[in-house]
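The chain contents come next:
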Amino acid sequence: MTNLRPAAVAGSFYPADPQDLRQALAGHLAAAEDGAHADTGRPPKMLVLPHAGYIYSGDVAGLGYAPLARWRGCITRVVLLGPVHRVPVRGLAAPTVGAFETPLGRVPLDTAALDSLRNLRQMVWSDLPHAHEHSLEVHLPFLQAVLGTGFSLVPLAVGDAGPAAVAEVLERLWGGDETLIVISSDLSHFLPYARAQARDHATVQRILHFASDLQGDEACGAAPLNGALRVAQRHGLTPRLLGLRNSGDSTGDRERVVGYGAIAFDPAPAAGDDTHDEDEAATDDASDAALGPLLVDTARRTIADALGLPAADAASLPDHPALHQPGATFVTLHDAAGGLRGCIGQLEACQPLGEDVRANALAAAFSDPRFTPLRAREWPGTQLEVSLLDAPEELDVHSEADALAALRPGIDGVILEWRGRRATFLPQVWAQLPDPARFLAALRHKAGLPAGLWDDDVRLSRYRVRSFSDHDGTGHGRRRPS
């Protein structure tokens with residue numbers, strides 16, 4: 001048996017040509033831009049989305065997937081459950097391969113997570129139910145478009161399995177904000193348009209009220225959905241209807257239609273998630289004197305420990321309330337001559353600040369693909385800087401001229417996004433590229449985009465940072481002024 005599950009429905013459910021597929025995805029995601037977004041400061045925990053051909057349900061699926069782009073790098077694992085259509089399964093079927101493939105590339109499976117399910121009686125280990133199953137495959141290109149290559153997959157094909165059996169599996173895979181659960185299901189099948197609308201509206205209301213006795217004529221993914229709704233209610237998720245349509249809306253044929261819904265289930269807001277106004281900024285500035293040296297010291301001790309070098313016990317570091325709140329950081333290393341030696345970070349606050357700075361310190365030292373891993377003999381001369389990011393703000397720009405006028409040299413960190421590609425420059429990069437046009441050109445090059453590219457799919461966001469360094473031995477912070 002090969003270690004790869006190749007695409008089975010490319011060319012029928014969605015385009016097989018990579019460029020055509022990217023264009024189709026961009027259209028479906030763009031159509032969803034005006035949809036309602038939750039402002040919880042956290043990614044959605046669970047999505048219920050359809051699995052028909054893209055020409056029928058792509059716009060509805062886009063309603064759920066488009067908002068995930070801001071959580072790229074935050075969501076690193078997707079647990080995907082869908083009903084079997086071709087091969088009967090008693091329980092839930094897990095594949096034995098190591099990756100699933102689409103025209104956009106391979107998606108690695110989280111084999112450790114799958115192995116954690118081996119002692120559950122409802123689990124079946126077989127690639128046969130997955131080989132031609134479309135209910136899972138059609139979601140993968142959307143996930144690749146919005147999350148890039150930084151996520152792994154736990155795909156489960158659900159057959160004859162009760163709510164309790166599915167719920168037990170999901171509890172084991174639940175995780176934190178890094179784990180997204182996607183339940184694949186269409187709604188009613190082959191009813192006249194008006195009857196389908198009434199039936200689907202009633203079904204959606206049952207889903208929004210956590211019914212766990214849905215039937216197959218209400219939702220073809222009733223088996224995975226019933227169990228998922230039990231767990232969602234148990235964890236206090238808040239359901240939110242994103243959209244409800246049917247195939248008649250896209251084809252014009254209203255005699256026999258299939259219903260499609262997009263529903264998000266949101267976790268509780270992040271602790272301390274409030275608008276960052278001037279009073280809060282003043283409070284932040286007042287606490288920088290304590291927080292800055294602590295972040296720098298945490299990063300430095302983390303790297304020293306990984307190198308096997310003497311370092312004070314991390315338990316001796318003082319505590320700070322900000323360390324336990326979600327935070328986004330970049331850790332930058334410079335060698336003794338001042339040259340860049342590594343820079344890795346997160347643009348969104350996905351985990352507690354203390355954990356984030358430790359993870360990024362290790363990644364900057366040992367996992368930046370531009371450099372060889374840091375060696376112990378380099379460490380004494382290595383300079384370290386921690387940048388603490390504010391939440392990104394999308395800019396309302398419609399041309400490169402708009403963008404150049406909006407950027408604030410020396411102040412803004414900038415994120416450039418285009419059709420699944422993304423790159424960022426911290427505000428510190430303005431020191432090397434003070435001209436906005438050169439800055440933007442270099443950022444476009446970093447994202448792997450052609451020189452001069454600008455179209456309606458370009459998205460530009462900016463953020464501010466507080467930077468702390470050990471260059472002068474103090475760790476004092478510098479906020480880029482507004």
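Provided above is the structure to which this section pertains.
Residues numbered from 1 in each chain as written. Predicted model: local features only at pLDDT ≥ 70, side-chain atom pairs only at ≥ 80, totals over all residues. Heavy atoms only, no water.

Next up on the list: the packing of helix α7 (residues 163–173) against helix α9 (residues 222–234). Running from amino to carboxyl end, α7 crosses α9 at an angle of 60°, the nearest separation of the two axes being 7 Å. Here α7 lies oblique to α9, going by the angle between them. For the pair α7 and α9, the sense of crossing is right-handed. Residues P163, A164, V166, A167, L170 and E171 of α7 touch α9, and the partners they reach there are A223, P224, N226, G227, A228, R230, V231 and R234. Each residue belonging to the contact of α7 with α9 can be placed in one class, and the counts come to nine nonpolar, two polar and three charged. (Axes fitted to C-alpha atoms, helices over the stretch in contact; angles between N-to-C directions. Helix = DSSP H or I, 4+ residues; strand = E, 2+ residues; numbered from the N terminus. Parallel < 35°, antiparallel > 145°, perpendicular 65-115°, else oblique. Left-handed = near helix turned anticlockwise from the far one by under 90°. Contact = heavy atoms within 4.5 Å. Nonpolar A, V, L, I, M, F, W, Y, C, P; charged D, E, K, R; others polar.)

Moving on, we come to the pattern of salt bridges. All told, the structure shown has 22 salt bridges when counted by the stated rule. Between R422 and E348 there is a salt bridge, and its shortest N-O distance comes to 3.0 Å. Of this pair, R422 sits in strand β19 (residues 421–425) while E348 sits in the loop between β14 (340–345) and β15 (351–352); the two residues are 74 residues apart in sequence, bridging distant segments of the chain. Residue E348 is classed as buried on the basis of its relative accessible area of 6%. When salt bridges that share partners are traced, they join E393, R408, D412 and R462 into one network. (Salt bridge = Lys/Arg side-chain N within 4 Å of Asp/Glu carboxyl O. Buried < 20%, exposed > 50% of the residue type's maximum accessible area, 1.4 Å probe, protein only.)

On to the environment of D390, then. With respect to the helices, strands and loops of the structure, D390 is situated in the loop between β16 (383–389) and β17 (393–394). When its relative accessible area of 14% is taken as the criterion, D390 is described as buried. When the C-alpha positions of D390 and R464 are compared, they lie 5.5 Å apart, and in sequence the two are 74 residues distant.

Turning our eyes to something else, we now look at α7. Listing the buried residues of α7 in full gives A165, V166, A167, V169, L170 and L173. Among the residues trailing α7, G175 stands out with phi positive, at a value near 65°.

This part takes up the sheet that holds β19. The antiparallel open sheet is built from four strands, whose spatial order is β17-β20-β18-β19. Since the sheet does not close on itself, it has two edges, and those belong to β17 and β19, each with one partner. Bridge count between strand β18 (residues 413–418) and β19: five bridges; the pairing is antiparallel. What sits directly across from L416, in β19, is A423. Contacts between helix α14 (residues 436–446) and the sheet are confined to β18, β19 and β20 (458–463), with β19 contributing the most and set at about 135° to the helix. (Pairing = 2+ DSSP bridges.)

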